[in-house]
Amino acid sequence: MTEKDIPLTEAVYYILLAVRKPNHGYGIIQEVEQLTNGRVVLGAGTLYGAIQTLQKKKWIDIYSVDTESRKKKEYIITDLGKEVFEAERTRLEELLRNAALMECFNEEE
């Protein structure tokens with residue numbers, strides 16, 4: 001992992017979260033939409049482009065291929081992917097902690 005890997009895009013963040021357990025493309029799209037209450041809707045092109053990139057970076061891997069169902073693939077996060085996700089989570093937690101400073105500032109006025 002390099003410094004260039006962080007911050008993650010919102011789409012990548014949610015894709016990694018959706019493959020914390022084996023999940024296929026359509027399942028990823030559905031889970032991301034559910035997790036975000038419909039705010040983030042991944043198109044198939046966005047998803048599969050991101051999946052290819054995440055596989056090249058070794059952040060996700062193919063978990064299984066269902067040869068009966070048009071070769072539907074399930075994906076799973078790798079240990080490296082978990083490290084990247086955790087680094088992003090730490091970054092986001094820092095942002096939220098620092099955002100509390102704004103509340104303190106508003107109370108002083």
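So, a few notes on the structure that sits alongside this text. (Residues numbered from 1 in each chain as written. Predicted model: local features only at pLDDT ≥ 70, side-chain atom pairs only at ≥ 80, totals over all residues. Heavy atoms only, no water.)

So, about the layout of surface pockets. Volume-wise, the largest pocket comes out at about 250 Å³. If you trace the largest pocket, you find twelve residues lining it, with Gly25, Tyr48, Lys71, Lys72 and Lys73 closest to the centre. Where the lining of the largest pocket is concerned, the elements lending two or more residues are helix H2 (25-35), helix H3 (44-56) and strand S3 (72-77). A class-by-class count of the residues in the lining of the largest pocket yields four nonpolar, four polar and four charged. (1 Å grid on protein atoms, 1.4 Å probe; cavity = no way out; pocket = protein on both sides within 12 Å on 5 of 7 lines; lining within 4 Å. Points joined across faces, edges and corners; volume = space filled by probe spheres on them. Helix = DSSP H or I, 4+ residues; strand = E, 2+ residues; numbered from the N terminus. Nonpolar A, V, L, I, M, F, W, Y, C, P; charged D, E, K, R; others polar.)

Taken as a whole and judged by the stated rule, the model has two aromatic pairs. Centre to centre, the rings of Tyr13 and Tyr14 are 5.3 Å apart; their planes meet at 90 degrees, and the pair counts as edge-to-face. Between the aromatic rings of Tyr13 and Phe85, the centroid separation amounts to 4.8 Å while the plane-to-plane angle is 25 degrees, which identifies the pairing as stacked. Taken together, the residues Tyr13 in helix H1 (residues 10-18) and Phe85 in helix H4 (residues 79-108) connect sequence positions 72 residues apart. Residue Tyr13 is classed as buried on the basis of its relative accessible area of 18%. What makes Phe85 buried here is its relative accessible area of 11%. In textbook terms, an aromatic cluster arises when at least three aromatic residues are bridged by ring pairs, as seen for Tyr13, Tyr14 and Phe85. (Phe/Tyr/Trp six-rings, centres within 6.5 Å; stacked < 30°, edge-to-face > 60°. Buried < 20%, exposed > 50% of the residue type's maximum accessible area, 1.4 Å probe, protein only.)

Okay, the sheet that holds strand S1 (residues 23-24) next. Picture the strands of a sheet paired through backbone hydrogen bonds; they go either parallel or antiparallel. Taken together, three strands build an open sheet; the order of strands is S1-S3-S2 and the sheet is antiparallel. Of all the strands in the sheet, just S1 and strand S2 (60-66) have a single pairing partner and so form its edges. Bridge count for S1 against S3 is two bridges, and the pairing is antiparallel. Residue pairing for S3: Asn23 is matched across the bridge by Tyr75. (Pairing = 2+ DSSP bridges.)

Once that is clear, we can look at the side chain of Glu88. Along the chain, Glu88 falls in helix H4. A relative accessible area of 2% places Glu88 in the buried class. The residues contacting Glu88, other than those within four sequence positions of it, are Ile6, Pro7, Leu8 and Tyr13. (Contact = heavy atoms within 4.5 Å.)

Attention now goes to H2. It helps to recall that an α-helix has 3.6 residues per turn; residues three or four apart then point in one direction. Those residues of H2 that fall on the buried side of the exposure criterion are Gly25, Gly27, Ile28, Ile29, Glu31 and Val32. The secondary structure elements touched by the buried residues of H2 are H1, S1, H3 and S3. Backbone geometry just after H2 places Asn37 at a positive phi near 50 degrees.

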